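Analysis of the macromolecular model
Chain by chain, the residues:
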Amino acid sequence: PKAFVVGKLTNLRTVVMRAGRERKLSSSCEKAADRIQAAIASAKKAKNVDQARGHEGDGSAAYFGAFKEFIANAKFSFDGRVRRPPTDPVNALLSFGYVLLMNDLYAAVNIVGLDPYIGYLHAQEHGKPSLPLDLMEEFRPIVVDQVVLNCLNNKMLTLKDFTQEMGNVTKLSDKGRDIFLRQYEERKQTEFQHPVIKQTITYHRAFEQQTRFL
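Bear in mind the structure is a predicted one, so any value in this text is a computation, not a measurement. Residue numbers run consecutively from 1 along every chain, following the written order of its sequence. A pLDDT threshold of at least 70 governs which residues receive local features in this predicted model, and a stricter bar of 80 or more applies before side-chain atom pairs are shown or counted, although totals over entire chains, interfaces and linings include all residues. The basis for every side-chain value is the complete set of heavy atoms in the structure, and neither hydrogens nor water enter the calculation.

1. Regarding the pairing of strand 2 (residues 169-172)
- As paired strands, strand 1 (residues 162-165) and strand 2 are joined by four bridges and run antiparallel to one another. Among the inter-strand pairings, threonine 163 is bridged to a residue of strand 2, identified as lysine 171. A pair of strands is treated as paired once DSSP finds two or more bridges between them. Working definition: helices are DSSP H or I runs of at least four residues, strands are E runs of at least two. Numbering for both runs from the N terminus.

2. Considerations on the packing of helix 4 (residues 89-112) against helix 7 (residues 174-188)
- Contact pair helix 4 / helix 7: the axes reach a minimum separation of 11 Å and the direction vectors enclose 50°. Our classification of the angle between helix 4 and helix 7 gives oblique. As for how helix 4 packs across helix 7, the hand of that crossing is right-handed. Two secondary-structure elements touch here, helix 4 through Leu93, Phe96, Gly97, Leu100, Leu101 and Asp104 and helix 7 through Arg177, Phe180, Leu181, Tyr184 and Lys188.
- For the contact of helix 4 with helix 7, the class distribution of residues is seven nonpolar, one polar and three charged. A fitted line through C-alpha atoms represents every axis, and for helices the fit uses only the stretch in contact; the resulting angles, taken between N-to-C directions, go from 0 to 180 degrees. The cut-offs work like this: below 35 degrees is roughly parallel, past 145 is roughly antiparallel, 65 to 115 is roughly perpendicular, and the gaps in between are oblique. Crossings are assigned a handedness: left-handed for a near helix turned anticlockwise from the far helix by less than a right angle, right-handed for a clockwise turn. The contact criterion used throughout is that any non-hydrogen atoms of two residues lie within 4.5 Å. Ten residues, namely Ala, Val, Leu, Ile, Met, Phe, Trp, Tyr, Cys and Pro, are considered nonpolar, four, namely Asp, Glu, Lys and Arg, are considered charged, and the remaining ones, Gly among them, are considered polar.

3. As for the packing of aromatic side chains
- Between rings of Phe, Tyr and Trp, where Trp is taken as its six-membered ring, a pair exists when centres lie within 6.5 Å; planes separated by under 30 degrees are stacked, by over 60 edge-to-face, and by other angles tilted. Scanning the entire structure with this criterion turns up 13 aromatic pairs.
- Taken together, a centroid distance of 6.0 Å and an interplanar angle of 40° make the contact between phenylalanine 64 and phenylalanine 78 tilted. Separated by 14 residues along the polypeptide, phenylalanine 64 in helix 3 (residues 49-70) and phenylalanine 78 in the loop between helix 3 and helix 4 bring together distant segments of the chain. Phenylalanine 78 carries the same exposure label as phenylalanine 64, and that label is buried.
- Judged by centre distance (5.6 Å) and plane angle (65°), the rings of phenylalanine 67 and phenylalanine 70 are edge-to-face. Exposure categories follow from relative accessible area, calculated using a 1.4 Å probe and restricted to protein chains: below 20% of the type maximum is buried, above 50% is exposed, and the middle band is partly exposed.

Quick look at the structure:
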């Protein structure tokens, strides 16, 4: 459980630092980065899964507390993470992206031959794919969140690409979904230097690689 949490928090901090450089948000990003770094240090010392989850929550709170500063599009605002259901466009994008990511990690788990319903960090509930949820944690910020910020900051999406349904549920329109899907697929094919195998691979390839490491 500690490895999943430390991996996620490390990548959260990477996104914060990158946004700070690109948007010159030194003070707010430094504070968030410091809080996440403290959560990383604490997570490494966690003695059980509940402690690990607690430190993950601390780091995520710092990250999403600063997330609105990363959005350079005045048409969109973000007041905090709202999951079920998402009630604003930014949360709708995050939730949709995380579903896509979970499905990709579910596929990776099946390819490797592991049981998707036996995890480490997430509670094992009947019918809940705990292992893909564990494995996707470190990819959330560097895959999905980057796609969300790219779509918003480069004005690929407008408010017209979202609909509101009963209960203030916000969803992407068909056109908006197509735009986001293309950007998500493009992000998956982005290459990076894997720190362990010392090779350049795509994020999509890394989904399976991380599962094999496990």
